[in-house]
Amino acid sequence: MTDTATQINDTITANDVVLYMKGTKEMPQCGFSSRVAGVLNFMGVDFADVNVLADEDIRQGIKDFSDWPTVPQLYVKGEFVGGCDIITEMTLSGELDQLFDDKGVTYDKAAADKIREANA
């Protein structure tokens, strides 16, 4: 494993929920990152954010690590879940709630329901 892959593996192992994104959860730097961070923040999920714009090795390395061409990328309990479109679909279908329940991740169920109600 390369140093970058080891660093990524260590990060996703040490944190229950990790979002590799452009910018930070407080200040996203692209619309897709903003959407996923916004969903997680609104749902009260405690997650680590990794700003790929701060490190070119991580920016490319996360794409190689997951074999997924775009950022943001969400990991839950060390497992790659998907990017913006997948997380959006999972949120609206309730699959993200189920994943969090299955993995023992704490989130605000009422907030998740509000997202679905607002998008119905």
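The structure this text deals with has already been given above.
Note that the coordinates shown come from a computational prediction; the quantities given were computed from them, not determined experimentally.

Participant: I'd like to hear about the overall build of the protein, residue by residue, with values.
Facilitator: Looking only at helices and strands, the protein features 6 helices and 4 strands. Listing the helices and strands of the protein from first to last along the sequence gives α-β-α-β-α-β-β-α-α-α. Over its C-alpha trace the protein gives a radius of gyration of 14 Å, about what one expects of a compact globule, namely 14 Å for 120 residues. Oriented by its inertia axes, the alpha-carbon framework of the protein measures out at about 45 × 30 × 20 Å. Counting the 120 residues in the protein, one finds 42% classified as buried. Taking as baseline every contact in the protein between residues at least 6 positions apart, the subset at least 24 positions apart corresponds to 59%.

Participant: Give me the lowdown on the packing of aromatic side chains, citing residues and values where you can.
Facilitator: What the rule picks out here adds up to 5 aromatic pairs. Aromatic pair Tyr75 and Phe80: ring centres 5.4 Å apart, planes at 50°, arrangement tilted. The exposure class of Tyr75 is buried, given its relative accessible area of 2%. Through a chain of ring-to-ring contacts, three or more aromatic side chains come together here, namely Tyr20, Phe65, Trp68, Tyr75 and Phe80. Above the plane of the ring of Phe47 lies Lys25, whose end atom (NZ or CZ) is 4.5 Å from the centre.

Reading guide: rules and limits
- Residues numbered from 1 in each chain as written.
- Predicted model: local features only at pLDDT ≥ 70, side-chain atom pairs only at ≥ 80, totals over all residues.
- Heavy atoms only, no water.
- Helix = DSSP H or I, 4+ residues; strand = E, 2+ residues; numbered from the N terminus.
- Rg over C-alpha atoms; globule rule 2.2 N^0.38 Å.
- Buried < 20%, exposed > 50% of the residue type's maximum accessible area, 1.4 Å probe, protein only.
- Contact = heavy atoms within 4.5 Å.
- Phe/Tyr/Trp six-rings, centres within 6.5 Å; stacked < 30°, edge-to-face > 60°.
- Lys NZ or Arg CZ within 6 Å of the ring centre and 35° of its normal.

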